[in-house]
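# A look at the structure
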Amino acid sequence: MKQFKKVFTLLFIVTLITAAFTGCGSKAGNDTKESTGSDTTTARQGGTARSLEEIKKSGKVVIGVFSDKKPFGFVDENGAYQGYDVYFGNQIAKDLGVEVEYVPVEAASRVEYLVTAKVDIILANFTVTEERAKQVDFAKPYMKVALGVVSPDSALITAPEQLNGKTLIVSKGTTAETYFTENYPDVKLLKFDQYSEAYNALLDGRGDAFSTDNTEVLAWALENKGFSVGIESLGNLDTIAPAVQKGNGELLNWLNEEIVALGKDNFFHKDYDETLAPVYGDAADPESLVVEGGVVEK
């Protein structure tokens, strides 16, 4: 009888332990299910771009912009997005009749954010290239740009050949990275994900110069004494344009019509006056940068 009680007690304990583990397993299973469900929703939304009608019905357009590339896309001291691209993004939302949600992107993630539909539109100083156009659809341009190189006044770089054997700082996924990789293999590239990291590396002396859009390096040099843009224009004259997920023709057509309509009102010159003129002053000519109505004046 005592032996039976011992066996019964042992079985009871095993049952309790099994029940406890089953409960934990059930809880873990629910967590996995919730996570999987969330991932499934994200995958569905992330794989397929929202149509123009879906954006309007949701009451919000999601736009990818830079958060650290002043004066084009940056977060100010109050935590608000500002800059040339953001000014345009605000107008897009207004004309769509929706609110805007800005999502910070890095140069190398811009294509991926569209391919996975994490954003509806990219307005992150996105230079149009043939390679990128294979992956995303670009709307009409709203800005002109070339590459520039900024360096310390004490060792100013005035020609790309001077960088051979030296270290050039670039941001990953930019036209500067591509240009120097293809044309100047003897230049050592120090690459960063974020523009803020790249500029800090230049300030710290970890590189001899930094290259990105000439509009951007000029703005930075004007705010940082001891540095100048020794190479003001390098490579081809390119254009900056909004981009959407490839095949999202409805949204693309709307953006093209929007750019044309805004051009009739000289919108992008107003954008320049509000966001770029206070930075550039007389150091830049708006006609060398601004594109109205999607038509590039050469």
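Preceding block: the structure.
Here is a short report on the structure shown in this document. The structure displayed is predicted, hence computed values, not measured ones.

In this section: the overall build of the chain. A count of helical and extended segments in the chain gives eleven helices and 13 strands. Counting over 298 residues, the chain shows a buried share of 45%. Excluding contacts between residues fewer than 6 apart, the proportion of contacts in the chain whose partners are at least 24 apart in sequence is 69%. In the form shown here, the chain has an accessible surface area of approximately 15300 Å², with 52% of it arising from carbon and sulfur atoms.

Read from one edge to the other, the open sheet built from five strands follows the order β10-β9-β11-β8-β12, with strand pairing classed as mixed. Two strands lie at the open edges of the sheet, namely β10 (188-192) and β12 (227-240), each paired on one side alone. For this sheet, the mean angle separating the axes of adjacent strands, direction not counted, is 25°. Both strand β9 (residues 167-171) and strand β11 (residues 209-213) contribute to a ladder of two bridges, which runs parallel. Along β11, the bridge assignment pairs I169 with F210. Strands β8 (143-152), β11 and β12 of the sheet are contacted by helix α8 (residues 214-223), whose axis makes an angle of about 45° with β8.

On to the nonpolar core, then. Ranked by internal contacts, the top residues of the largest apolar core, which has 37 residues, are Y84, F88, I121 and F268. If you list the elements that add at least two residues to this core, you get α2 (52-58), β1 (60-65), α3 (84-96), β8, α9 (249-263), α10 (267-275) and α11 (277-280). Not counting residues up to four positions away in its chain, the partners in contact with F268 are Y84, F88, Y142, I259, L262, V290, V291 and E292. Ranked by size, the runner-up nonpolar core spans 30 residues in total, among them Y113, V119, F227 and A243.

Attention shifts here to the side chain of D213. Relative to the assigned elements, D213 resides in strand β11. Here K69 takes part through its side chain, which lies 3.5 Å from a polar atom of the side chain of D213. Not counting residues up to four positions away in its chain, the partners in contact with D213 are K69, N125, T127, V145, A146, L147, G148, T175 and I240.

On inspection of all chains with the given rule, the structure shows eleven salt bridges. Of the charged contacts, one joins K246 and D137 as a salt bridge, the two residues approaching to 2.9 Å between their closest N and O atoms. With K246 in the loop between β13 (243-245) and α9 and D137 in strand β7 (residues 136-138), the pair connects residues that are 109 residues apart, well separated along the chain. Residue classification places K246 among the partly exposed positions, given a relative accessible area of 38%. What makes D137 buried here is its relative accessible area of 15%. Of the charged contacts in the structure, one is a salt bridge between K270 and D265, with a shortest N-O distance of 3.8 Å.

With that settled, consider the sheet that holds strand β2 (residues 68-69). If you trace the three strands from one edge of the open sheet to the other, you get β2-β3-β4, paired in antiparallel fashion. Here the strands that pair on one side only, and so sit at the sheet edges, are β2 and β4 (81-82). Sheet topology note: the β2/strand β3 (residues 73-75) ladder contains two bridges and is antiparallel. The partner of D68 across the bridge, within β3, is F74.

Thresholds, definitions, all that
Here the residue numbers are simple positions, counted from 1 along each chain's written sequence. Given that this is a predicted model, residues contribute local features only at a pLDDT of at least 70 and side-chain atom pairs are listed and counted only at 80 or more, while totals for whole chains, interfaces and linings are drawn from all residues. Side-chain figures throughout are based on the complete set of non-hydrogen atoms in the structure, without hydrogens or water. Only DSSP runs of H or I reaching four residues or more are called helices, and only runs of E reaching two or more are called strands; each is numbered from the N terminus. Three labels apply to residues, based on accessible area from a 1.4 Å probe with only protein chains included: buried if under 20% of the type maximum, exposed if over 50%, partly exposed otherwise in between. Two residues form a contact once any of their heavy atoms are found within 4.5 Å. Only the protein chains shown count as covering a residue, and every accessible area follows the Shrake-Rupley method with a 1.4 Å probe. In short, DSSP must find at least two bridges between two strands for them to pair. Here the axes come from fitting lines to C-alpha atoms, over the contacting stretch only for helices, and the angles between their N-to-C directions go from 0 to 180 degrees. Among buried residues, the Ala, Val, Leu, Ile, Met, Phe, Trp, Tyr and Cys ones that are joined through side-chain atoms within 4.5 Å form a nonpolar core. Throughout this description, a polar contact denotes any pair of N or O atoms lying within 3.5 Å of each other; where both atoms belong to protein, one of them has to be capable of donating a hydrogen while the other can accept it, and for residues adjacent in sequence the pair is counted only when both atoms sit in side chains. Salt bridges are defined by distance alone: a side-chain nitrogen of Lys or Arg within 4 Å of a carboxyl oxygen of Asp or Glu.

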